[in-house]
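One-letter residues, chain by chain:
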There are 2 protein chains.
Amino acid sequence: MELEFIHWLCREFAPDSSVIGDDAAVLDWSQHQDCVVATDLLADGVHFQLEEVGAELAGRKGLAVNLSDMASMAAQPIAAVVSLLLPRTGAAEIARSAMLGMRPLAQQFQVLIAGGDTNVWDGRFVINVTILGTTAHRAPWTRRGMQPGDWLLATGEFGGSRQGRHLSFTPRVQEAIELASRFDIHAAIDVSDGLSLDASRLASASGCGVILDRQTIPISAAAQATLPTDPLSASRKTPLEHALYDGEDFELLMALDERVAREVLAHPIPGLRLSVIGRASKEPGLWLTDEEGIPRPMTPRGYEHGANP
Amino acid sequence: MELEFIHWLCREFAPDSSVIGDDAAVLDWSQHQDCVVATDLLADGVHFQLEEVGAELAGRKGLAVNLSDMASMAAQPIAAVVSLLLPRTGAAEIARSAMLGMRPLAQQFQVLIAGGDTNVWDGRFVINVTILGTTAHRAPWTRRGMQPGDWLLATGEFGGSRQGRHLSFTPRVQEAIELASRFDIHAAIDVSDGLSLDASRLASASGCGVILDRQTIPISAAAQATLPTDPLSASRKTPLEHALYDGEDFELLMALDERVAREVLAHPIPGLRLSVIGRASKEPGLWLTDEEGIPRPMTPRGYEHGANP
């Protein structure tokens with residue numbers, strides 16, 4: 001990393017620490033039992049449009065999606081390292097803006113920006129964040145553990161995130177930690193690639209199936225506002241289809257005992273919308289209830305960033 | 001990450017573990033006091049030429065440069081997470097090849113590939129590796145701590161790495177751990193951007209200067225083979241200039257007491273070339289001795305990947 005940028009980073013991000021500027025950052029981990037680590041790469045033209053949204057929101061999203069991974073494990077984030085691959089034109093400005101875009105989230109969740117790597121090239125802007133956290137002596141949530149009969153609980157609302165919320169969402173870190181400390185959650189996932197796809201991943205990792213309830217899936221205002229009958233609209237999807245397939249909601253899906261789910265709903269977290277959107281089935285697969293409440297097989301689909309390998 | 005690729009990764013890389021495939025990897029850190037973390041991003045066209053070298057060597061380099069960061073802290077590497085940004089054409093093949101290219105190094109240094117992220121786009125291949133390690137109750141080496149009068153000890157040889165060795169070097173992880181366990185090393189750095197530049201960074205971080213000895217800097221065969229007088233050669237640098245400025249040697253510079261340096265040299269590590277290439281000065285700055293051994297100020301230069309921000 002270029003010296004001037006490193007000095008700027010130290011001043012702005014870690015004035016009281018000396019973690020930035022060496023070949024690696026040294027974090028005191030003596031109080032932690034585990035190290036929960038996630039990494040996410042975002043690219044201009046795939047996960048954001050730099051020209052439209054600017055580097056600050058791109059940087060914010062880079063940290064936010066990693067925080068959402070911590071939330072899906074009910075882990076407390078501790079530190080992050082950031083790699084930037086910068087277009088030659090405006091490199092220094094983009095680098096600073098991206099880091100400044102991360103700062104409010106870093107402060108809110110007390111994540112130390114511990115270091116990173118910067119490079120310049122002839123291609124488009126790429127940002128990679130790796131986040132480290134811990135679950136503080138409690139086992140982290142995983143995708144494995146959903147039991148047939150479990151209720152599927154979702155935070156927030158779904159659909160239409162790419163119209164703006166994917167750049168401004170608050171990761172469910174605090175909600176996850178609070179729920180994990182009070183209730184026995186069998187399994188969890190964050191919805192990054194689409195409700196139907198991530199629900200089926202949760203089921204598949206747990207060796208069971210999942211039935212989604214079309215009546216109770218909370219649909220966001222952004223998804224509601226799409227008009228499938230409008231011939232000028234690019235979208236041919238219904239609001240429910242947006243909720244099922246759009247992705248980038250960064251809400252949590254949690255599987256838990258019916259009894260525990262009722263307890264959770266009886267003791268709500270202020271400001272947090274929680275909905276029972278389905279239940280786990282013994283038979284593997286993904287279903288969506290029809291108008292009469294009868295489960296019909298459905299194909300999991302979602303927003304996969306590019307085709308995947 | 002696409003399911004088939006994840007399953008392949010699990011089979012090939014972590015058959016006995018369940019760290020891959022969730023939103024984050026959970027690593028048992030209960031036996032470790034610290035978490036040493038480094039991240040490095042490599043891009044096609046900047047750090048390697050995919051068409052020339054192939055994805056295996058690119059992947060190998062992605063892990064190797066991170067291992068070199070661990071070596072520069074005398075840290076024991078433990079786990080790594082890998083992000084791949086893949087060109088649309090041949091994405092699956094490139095992803096598998098890059099991971100297979102990492103495997104021999106991962107096995108040699110017992111680094112668990114704990115997870116990652118893959119995406120496809122219209123740009124060139126990008127790979128980001130984040131590595132986690134620990135120093136096992138011993139303080140890690142840093143760049144701060146070189147004292148005026150210290151001798152500067154270097155592993156290996158310098159110059160000409162971009163002609164091939166940058167793709168095949170063995171990171172100095174074991175050597176660093178062994179030296180750290182036996183001797184008091186004041187400060188260290190790995191030479192990624194050029195001997196002169198990284199030596200001056202070490203000095204600058206320590207608040208002193210450094211005098212390099214032109215007579216003792218070990219020059220690699222690749223740098224020796226360059227003929228500055230050959231009118232057809234693209235290079236106009238002398239072998240010594242290659243050694244000072246080329247970069248990507250991934251050797252270690254270590255600052256230590258003269259007395260301790262003599263001890264180190266008296267108890268060599270089999271197969272490891274060690275050279276005293278200079279000494280620390282009270283006055284900040286960078287010098288190179290001339291033919292008569294008199295220090296002359298020099299400008300630190302190196303291989304910075306693109307212009308940095």
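Above this note sits the structure.
Residues numbered from 1 in each chain as written. Chains lettered and ligands numbered in written order. Predicted model: local features only at pLDDT ≥ 70, side-chain atom pairs only at ≥ 80, totals over all residues. Heavy atoms only, no water.

Draft legend 1. Quick look at the interface of chain B and chain A. With 65 residues of chain B at the interface, the matching set in chain A holds 65 residues. Applying the counting rule to chain B against chain A returns 2 salt bridges. One salt bridge connects Asp23 of chain A with Arg143 of chain B, and the closest N-O pair in it is separated by 2.8 Å. Across the chain B-chain A interface, the total number found is 23 residue pairs in polar contact (both at pLDDT 80 or more). At the level of secondary structure, the elements contributing two or more residues to the side of chain B that touches chain A comprise strand E1 (25-28), strand E2 (34-43), helix H2 (50-72), strand E3 (76-87), helix H3 (91-108), strand E4 (112-121), strand E5 (126-134) and strand E7 (187-190) of chain B. The biggest single contributor to the side of chain B that touches chain A is E2 of chain B, with 9 residues. Here 4 bridges tie strand E2 (residues 34-43) of chain A to E1 of chain B, and the two strands are oriented antiparallel to one another. Bridged to Val36 of chain A within E1 of chain B is Val26 of chain B. (Contact = heavy atoms within 4.5 Å. Salt bridge = Lys/Arg side-chain N within 4 Å of Asp/Glu carboxyl O. Polar contact = N/O pair within 3.5 Å; in protein donor to acceptor, adjacent residues only side chain to side chain. Helix = DSSP H or I, 4+ residues; strand = E, 2+ residues; numbered from the N terminus. Pairing = 2+ DSSP bridges.)

Draft legend 2. The arrangement of the packing of aromatic side chains in detail. As enumerated under the stated definition, the model contains 9 aromatic pairs over all chains in all. A connected cluster of aromatic rings, assembled from ring pairs, spans Phe5, Trp8 and Phe13 of chain A. Above the ring of Phe13 of chain B, the side-chain terminus of Arg103 of chain B is found at 5.6 Å from the ring centroid. When the ring centre of Tyr245 of chain B is taken as reference, the NZ or CZ atom of Arg301 of chain B above it lies at 4.1 Å. (Phe/Tyr/Trp six-rings, centres within 6.5 Å; stacked < 30°, edge-to-face > 60°. Lys NZ or Arg CZ within 6 Å of the ring centre and 35° of its normal.)

Draft legend 3. Focus on the sheet that holds strand E9 (residues 252-256) of chain A. Residues and elements named next belong to chain A. Reading across the sheet, the 7 strands line up as E7-E9-E6-E10-E8-E11-E12 and stay open at both edges, with mixed pairing between neighbours. Two strands lie at the open edges of the sheet, namely strand E7 (187-190) and strand E12 (295-297), each paired on one side alone. Averaged over all neighbouring strand pairs, the angle between strand axes comes to 30°, with direction disregarded. By the bridge criterion, 4 bridges tie strand E6 (residues 151-155) to E9 in an arrangement that is antiparallel. Bridge pairing links Ala154 to Leu253 in E9. On the sheet, helix H2 (residues 50-72) packs against E7 and E9 and is oriented at approximately 170° with respect to E7. (Axes fitted to C-alpha atoms, helices over the stretch in contact; angles between N-to-C directions.)

Draft legend 4. Up close: unusual backbone geometry. Residues and elements named next belong to chain A. For Ala74, which is not glycine, the phi dihedral falls at a positive 55°. Here Ala74 lies in the loop between H2 and strand E3 (76-87). Judged by relative accessible area, Ala74 falls into the buried class, the value being 0%. (Buried < 20%, exposed > 50% of the residue type's maximum accessible area, 1.4 Å probe, protein only.)

Draft legend 5. Just the pairing of strand E5 (residues 126-134) of chain A, in detail. Residues and elements named next belong to chain A. In terms of burial, E5 is largely enclosed, as 9 of its 9 residues are buried. Burial of the side chains of E5 extends over both faces: Val126, Asn128, Thr130, Leu132 and Thr134 are buried on one face and Ile127, Val129, Ile131 and Gly133 on the other. In terms of strand pairing, E2 meets E5 through 8 bridges, oriented antiparallel. In the sheet register, Leu41 faces E5, and the bridge partner there is Asn128. Judged from the 9 bridges that link them, E3 and E5 form a sheet pairing that is antiparallel.

Draft legend 6. Expanded view of the packing of H2 of chain B against H3 of chain B. All names here are of chain B. Two elements in contact, H2 and H3, have axes separated by 8 Å at closest approach and are oriented at 45°. Taken together, the axes of H2 and H3 are oblique relative to one another. The crossing of H2 and H3 is right-handed. Residues Leu50, Ala55, Glu56, Gly59, Arg60, Leu63, Ala64 and Leu67 of H2 pack against Ile94, Ser97, Ala98, Gly101, Met102, Leu105 and Ala106 of H3. A breakdown of the residues in the contact of H2 with H3 according to their chemical character gives 10 nonpolar, 3 polar and 2 charged. (Parallel < 35°, antiparallel > 145°, perpendicular 65-115°, else oblique. Left-handed = near helix turned anticlockwise from the far one by under 90°. Nonpolar A, V, L, I, M, F, W, Y, C, P; charged D, E, K, R; others polar.)

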